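# Structure at a glance
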Amino acid sequence: MTTEEYLSTIDSLAVQPFPDATYVDASEGGGPEHHVRELQVSQDFWDDDDGQAWAEAEAELRARLDDLAARLTDRWGSAFVVDLGPCLRASCEGEPVPEPLDYLSQQVVSMQVWSLPDSGRWLALALGQADKELPLILFAAVGRASALDLNTSGQS
């Protein structure tokens with residue numbers, strides 16, 4: 001996909017109504033307060049003994065993430081970084097964690113987040129991997145401002 005196609009997907013995701021029920025399929029998921037899309041997925045790394053394939057895939061996806069982040073920053077201003085470690089710890093301890101933070105924290109260390117003006121939503125980009133043999137994934141996610149304790153102006 002081209003950068004413009006990725007941005008079109010992101011634009012659509014940002015304004016789609018949230019689904020009434022939680023669902024997950026091959027490359028997307030959502031629920032009453034969120035959407036998640038896998039924008040780009042690398043190969044798996046079961047046979048990557050020297051780590052070369054992982055390094056190449058990570059560089060490719062990181063470049064795509066940086067390009068998209070620059071374009072979104074031009075639109076909505078600077079992103080802020082959300083560390084998902086506390087979400088993962090809380091989830092492992094049985095505490096409730098709002099979606100999509102719970103899902104993403106299983107695969108992502110941190111995410112870049114932009115507040116979407118006048119929508120009560122935020123959009124995030126993140127690069128993650130569920131386990132070292134599994135593919136790297138470039139995610140786009142949209143959630144309600146309340147999931148990140150943002151007020152309606154987007155400030156926490």
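Description of the structure in this document. Keep in mind the model is a prediction, meaning the values are calculated, not measured.

Conventions and cut-offs
- Residues numbered from 1 in each chain as written.
- Predicted model: local features only at pLDDT ≥ 70, side-chain atom pairs only at ≥ 80, totals over all residues.
- Heavy atoms only, no water.
- Axes fitted to C-alpha atoms, helices over the stretch in contact; angles between N-to-C directions.
- Helix = DSSP H or I, 4+ residues; strand = E, 2+ residues; numbered from the N terminus.
- Parallel < 35°, antiparallel > 145°, perpendicular 65-115°, else oblique.
- Left-handed = near helix turned anticlockwise from the far one by under 90°.
- Contact = heavy atoms within 4.5 Å.
- Nonpolar A, V, L, I, M, F, W, Y, C, P; charged D, E, K, R; others polar.
- Core = buried A, V, L, I, M, F, W, Y, C linked by side-chain atoms within 4.5 Å.
- Buried < 20%, exposed > 50% of the residue type's maximum accessible area, 1.4 Å probe, protein only.

### Things to note about the packing of helix α1 (residues 3–15) against helix α2 (residues 52–76)
Put simply, α1 and α2 touch, their axes get as near as 11 Å, and they point 60 degrees apart. With respect to each other, α1 and α2 are oriented oblique. For the element pair α1 and α2, the recorded crossing hand is right-handed. Side by side, α1 and α2 meet where T3, E4, Y6, L7, I10 and D11 of the first sit next to R64, D67, L68, R71, L72 and R75 of the second. Among the residues forming the contact of α1 with α2, the class breakdown is five nonpolar, one polar and six charged.

### Some thoughts on the nonpolar core
For soluble globular proteins, nonpolar side chains are generally found buried alongside one another. Counting 23 residues, the largest nonpolar core has I10, L39, L68, L72, L123 and L125 as its most contacted members. Listing elements by their share of this core, those giving two or more residues are α1, α2, β5 (110–116), β6 (121–128) and β7 (137–144). Considering each element in turn, this core owes the most residues, six residues, to α2. Leave out the neighbours within four places in its chain, and L72 touches L7, I10, G77, W114, L123 and L125. Ranked by size, the runner-up nonpolar core spans 19 residues in total, among them V36, M111, A126 and L148.

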